[in-house]
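Breakdown of the fold
Single-letter residue listing:
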Amino acid sequence: MTAESTVPSPAGQPDLGGSPVSVLPPRTSPAPLPFPAGRPAPPASPAPSPLPLLLADTVGALTGALALVGVARPPLSAALLVAFSLLLRPSGGGPAPGAGQLPGVLDELPALGARTAVAWLALAALAAAYDPRHALAAPVLLLGFAAQTAAGCAARGAVRHRRRRALRARPRAALVVGPAATARQVAAALLRDRTCGVRPVGIVTDAPDGGEGPPVLSPGDEALRAVVRDGVRDVLVVRPVRQGPSLRALAESGCAVWELDAEPPGAPAPHGWQRLAGFRCRRLSYGGTRTGGARKRALDVTVSGALLLLAGPLLLACAAGLRVSAGPGVLFRQERVGRHGRPFTLLKFRTHRPADAHEAATRWSVADEQRMPRFCRFLRRTSLDELPQLWNVFRGDMSLVGPRPERPYFVAQFSQSHPGYAARHRMPVGLTGLAQVKGLRGDTSIEDRARHDNAYIDDWSLWRDVCILLRTAVALVRPTGS
């Protein structure tokens, strides 16, 4: 990505001068949010346990399996029916906050009936394919379908009813964020609707209007104190709002952030919008929750470990070539900024020797520096100089896929001049990333890089990491330098 060759900073970027600075102080854990002294940060807002609904679907499937009594191998058939039914369970995000948004028995009946029908048809097809003599008769299919649908609806309805009663008895504390007048209107509507299961405890706005209702809080410390004091679980954002950093801090404190449309309806609600006390709402993603966790780390350790073993001879050959062509000191070590602003030491093969530490830390770099020896230029063009970073990935300093790490000096510059650049550090930095596979490497737009890096974080999935790795492997076949 960036090498040790030294050229002036990219166009439009001021040269701050002076000695290299570490703008993000070393720390061993993420910077804490400014919660009031003596009060711990609240835990992440827990999602409802999926176990009750899983048990409800299992009860429904076992009830339907009673119709299989008398057929060939009923235990095996019942086990297959339960497996099919559970595999067809819906997945995805939950409903909007509040008791009124939990679906009822009749609401779930069409979808549950369709999934049950598919499970029974799959079982019938499998039985007929295994042995036509054991094909399930039509009365067995109809009886089993009806019994499972009825039992499943009843069991799921009981679970939903219990959750609805719990939410109405103990409504979820919420903050309403937005213009004062509109936020007060929304808060008043939620307080009047005692069945919605949401209780506004504060209004977060930049311009208080002195009206009645929940207390007005300023963005920042006051809002975060309310999270701790009142156990806030949800943040309802009324547009327009210009409090992106405050909303991100609230999301990182464990709150679910929802966009709420308080305008009169002018068109049908787009797909994905839900209802809260009659208002349209949808869940907003502020990152921090979809960073991969154990799955991403498992992919990093597995792939980087395998590549280190397979590329061992190549690493030794590159080191030997550098030793012969450029002298001692084949590894280049440089401080870079990782996740949550933590500094770490990045490893590369040394392809150029800066004049001093100040130059290495504060001068921008581009590929194909003509002062490099021929072998060093070869390493740069083929990206082989990046191979030692596999050890950084294996150690946990970096990930295989993520925003590329930069030096503290430039992190300070870019964070001030490019909105969204600092937000890249909510994800582990990576050996490659979405910006790199789109050609944003070397002396290219920092604004475009930050935009693509944040888009990758917001839309993260493990499969997307695999796709970026495959695209990176294809790009290495057509080396253009890093």
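As recorded by an unreviewed UniProt entry, the protein chain carries the name Transferase and is attributed to Streptomyces daghestanicus. Its UniProt record gives the protein chain the following Subcellular location (unreviewed entry) comment, quoted word for word: "Membrane". Quoted verbatim from the Sequence similarities (unreviewed entry) field of the UniProt record, the comment on the protein chain reads "Belongs to the bacterial sugar transferase family."

Tallied over the entire structure, the rule returns five aromatic pairs. Note on Phe375 and Phe378: the rings are 6.1 Å apart at their centroids and 35° apart in plane angle, and the pair reads as tilted. With Phe375 and Phe378 both in helix α11 (residues 374-382) and three residues apart, the pair spans about one turn of that helix. Overall, Phe375 belongs to the partly exposed group, its relative accessible area being 25%. Look at Phe378 and you get partly exposed, because its relative accessible area is 37%. Relative to Phe394, the ring of Trp391 lies with its centre 5.9 Å away and its plane at 20°, an arrangement referred to as stacked.

Time to look at the packing of helix α3 (residues 105-130) against helix α4 (residues 138-169). The contact between α3 and α4 brings their axes to 9 Å, and the two run at 140°. The angle between the axes of α3 and α4 places the two elements in the oblique class. Of the two elements, α3 crosses α4, and the hand of that crossing is right-handed. Taking contact as the criterion, the partners of Val105, Glu108, Leu109, Leu112, Gly113, Arg115, Thr116, Ala117, Trp120 and Ala124 in α3 are, on α4, Val140, Leu141, Gly144, Phe145, Gln148, Thr149, Gly152, Cys153, Arg156, Gly157 and Arg160.

A word on the pattern of salt bridges. The full count for this structure, using the stated rule, is 17 salt bridges. A salt bridge links Asp234 to Arg172; its shortest N-O distance comes to 2.6 Å. Of this pair, Asp234 sits in strand β4 (residues 234-238) while Arg172 is found in strand β1 (residues 172-177), placing the two residues 62 residues apart along the sequence. Note on Asp234: relative accessible area 0%, which makes it buried. The buried category is assigned to Arg172, whose relative accessible area is 15%. Of the charged contacts in the structure, one is a salt bridge between Asp397 and Arg395, with a shortest N-O distance of 3.8 Å. Taking the relative accessible area as the measure of exposure, Asp397 reaches 21% and is therefore partly exposed.

Moving on: unusual backbone geometry. A positive phi angle is found at Ala277, which is not glycine, with a value near 55°. As for its position among the elements, Ala277 is in the loop between β6 (274-276) and β7 (279-284).

Among the secondary structure elements, Val393 is positioned in helix α12 (residues 389-395). Separated by 47 residues in the primary sequence, Val393 and Leu346 place their C-alpha atoms 9.9 Å from one another. Excluding residues that lie within four positions of it along the chain, Val393 makes contacts with Arg297, Asp300, Ser304, Met398, Ser399 and Leu400.

Read across the sheet, seven strands follow the order β3-β2-β1-β4-β5-β7-β6 without closing on themselves; strand pairing throughout is mixed. What marks the edges here is a single partner per strand, and that holds for β3 (216-217) and β6. Strand direction decides the pairing type here: β1 and β4, joined by four bridges, are parallel. Counterpart to Val177 in the pairing with β4 is Val237.

In this structure, Leu322, Phe349, Leu379, Leu387, Met398 and Tyr456 are the most contacted members of the largest nonpolar core, which totals 24 residues. Apart from residues no more than four positions distant in its own chain, Leu322 is found in contact with Gly327, Val330, Phe349, Arg350, Phe375, Cys376 and Leu379. Counting residues in each nonpolar core, the second largest holds 20 residues, with Val201, Leu217, Ala223 and Ala249 among its members.

Turning our eyes to something else, we now look at helix α8 (residues 293-310). One turn of an α-helix holds 3.6 residues; hence residues three or four places apart share an orientation. For α8, spanning 18 residues, the distance from its first C-alpha to its last is 26 Å, which sits close to the expected 26 Å at 1.5 Å a residue. Along α8, the residues classified as buried are Lys296, Leu299, Asp300, Ser304 and Gly305.

Right, let's talk about a nonpolar patch on the surface for a bit. A cluster of nonpolar side chains, namely Leu51, Leu54 and Leu55, defines an oily patch on the protein surface of about 250 Å² accessible area. Inspection of the secondary structure puts Leu51 in helix α1 (residues 51-65).

So, on to empty space enclosed by the protein. All chains considered together, the criterion is met by two cavities of 30 Å³ or more. Its boundaries defined by the atoms lining it, the largest cavity holds a volume of some 110 Å³. In this structure, the largest cavity is lined by Asp57, Gly60, Ala61, Ser85, Arg89, Leu112, Arg115, Thr116, Ala119, Gln148 and Gly152. Looking at the lining of the largest cavity, the elements with two or more residues in it are α1, α3 and α4. By residue number, the principal contributor to the lining of the largest cavity is α3, which donates four residues. A breakdown of the residues in the lining of the largest cavity according to their chemical character gives three nonpolar, five polar and three charged.

Conventions and cut-offs
Residues numbered from 1 in each chain as written. Predicted model: local features only at pLDDT ≥ 70, side-chain atom pairs only at ≥ 80, totals over all residues. Heavy atoms only, no water. UniProt positions renumbered as here; feature names shortened; annotations may be inferred. Phe/Tyr/Trp six-rings, centres within 6.5 Å; stacked < 30°, edge-to-face > 60°. Helix = DSSP H or I, 4+ residues; strand = E, 2+ residues; numbered from the N terminus. Buried < 20%, exposed > 50% of the residue type's maximum accessible area, 1.4 Å probe, protein only. Axes fitted to C-alpha atoms, helices over the stretch in contact; angles between N-to-C directions. Parallel < 35°, antiparallel > 145°, perpendicular 65-115°, else oblique. Left-handed = near helix turned anticlockwise from the far one by under 90°. Contact = heavy atoms within 4.5 Å. Salt bridge = Lys/Arg side-chain N within 4 Å of Asp/Glu carboxyl O. Pairing = 2+ DSSP bridges. Core = buried A, V, L, I, M, F, W, Y, C linked by side-chain atoms within 4.5 Å. Expected span 1.5 Å × (residues − 1). Patch = residues over 30% accessible without salt bridge, like charges linked within 9 Å, V, L, I, M, F, W, Y side chains within 5 Å. Areas by Shrake-Rupley, 256 points an atom, 1.4 Å probe, with all protein chains shown as cover. 1 Å grid on protein atoms, 1.4 Å probe; cavity = no way out; pocket = protein on both sides within 12 Å on 5 of 7 lines; lining within 4 Å. Points joined across faces, edges and corners; volume = space filled by probe spheres on them. Nonpolar A, V, L, I, M, F, W, Y, C, P; charged D, E, K, R; others polar.

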